[in-house]
Structures are given as C-alpha cells and as structure tokens.
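# Descriptive structure summary
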Amino acid sequence: MNPEIQKKIDAALARVKEPQSELPIVDLGLVSNVRYDEKAKSIELCLAIGYAAGNCPACLAINGVVGAGIARRAREEFEKEFPGFSIIVE
C-alpha cells in the first residue's frame, strides 16, 4: 500500500478511542481489517467488537450503544482523512 495512504489510515484509527479506556481502538485489537479501494473510492473497516453473552438486557444495550458510537466515530474520522470516499464500518 502507498505509504501516504497508510499514514492517513493510521492517523484516522489513532483518533478513534474506546470510550471507557480512552485508548485507540487499534491498540485494543478492535480493528480486524481495513480494505482500501482507490478505484471504487471506498474504505471498509471491520471492527472486532464482541457482545456480552447471556441474557442481561442492560449489558446488551450498553454494548450496542458503545459499539455504535465507536463505529460512528470511526466513520467520521475516515471521512475527514478521505473526503469523497464511501466509508463502510462493520
């Protein structure tokens, strides 16, 4: 990959923090894959966010909200680094 593109991806990932620890999601192993497609002008970011097992509705709700917030912040940071690109966060 082009070193300049890799720098921009790394910069975007470094700014996305897990809200409880305030550590970058990439340092916590919460990013499983990033696909960059110059021709399609798209970036796909796969997050490795686990959800609590069991029947605790509160835990499921909290994990869902935290996961959605991380995905939103990741999309926002990648949109800043790559304007005009389609950003997909899974």
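Quick summary incoming for the structure in this document.

### Some points on helix α1 (residues 3-15)
Along its 13 residues, α1 runs 19 Å from first to last C-alpha, staying within 8% of the 18 Å computed at 1.5 Å per residue. By the burial criterion, the buried members of α1 are I5, I9, A12 and L13. All buried residues of α1 lie within an arc of 100° about the axis, which places them on one face of the element. Seen from the buried face of α1, the exposed residues on the opposite side, beyond 90 degrees, are P3 and K7. On its buried side, α1 packs onto β1 (31-37), β2 (42-47) and α2 (57-81). Here α1 starts with a cap whose side-chain oxygen sits 2.7 Å from the backbone nitrogen of E4, and that cap is N2.

The rules behind each value
- For every chain, the first residue of the written sequence is number 1, and numbering continues from 1 onward in sequence order.
- This being a predicted model, a pLDDT of at least 70 is required before a residue's local features are given, and a value of 80 or more before pairs of side-chain atoms are given or counted; all residues contribute to the totals for chains, interfaces and linings.
- Note: side-chain values were computed over all heavy atoms of the structure, leaving out hydrogens and water.
- Starting at the N terminus, helices and strands are each numbered in turn, a helix being any DSSP run of H or I of at least four residues and a strand any DSSP run of E of at least two.
- Helix span, expected: 1.5 Å multiplied by one less than the number of residues in the helix.
- Burial classes: relative accessible area under 20% of the type maximum marks a residue as buried, over 50% as exposed, and values in between as partly exposed (1.4 Å probe, protein chains only).
- The arc in question is the one traced by the directions running from the helix axis out to the C-beta atoms.
- In this analysis, two residues are considered to be in contact whenever any of their non-hydrogen atoms come within 4.5 Å of each other.
- Definition of a polar contact: a pair of N or O atoms within 3.5 Å, with one able to donate and the other able to accept a hydrogen when the atoms are protein atoms, and with sequence-neighbouring residues admitted only if both atoms are side-chain atoms.

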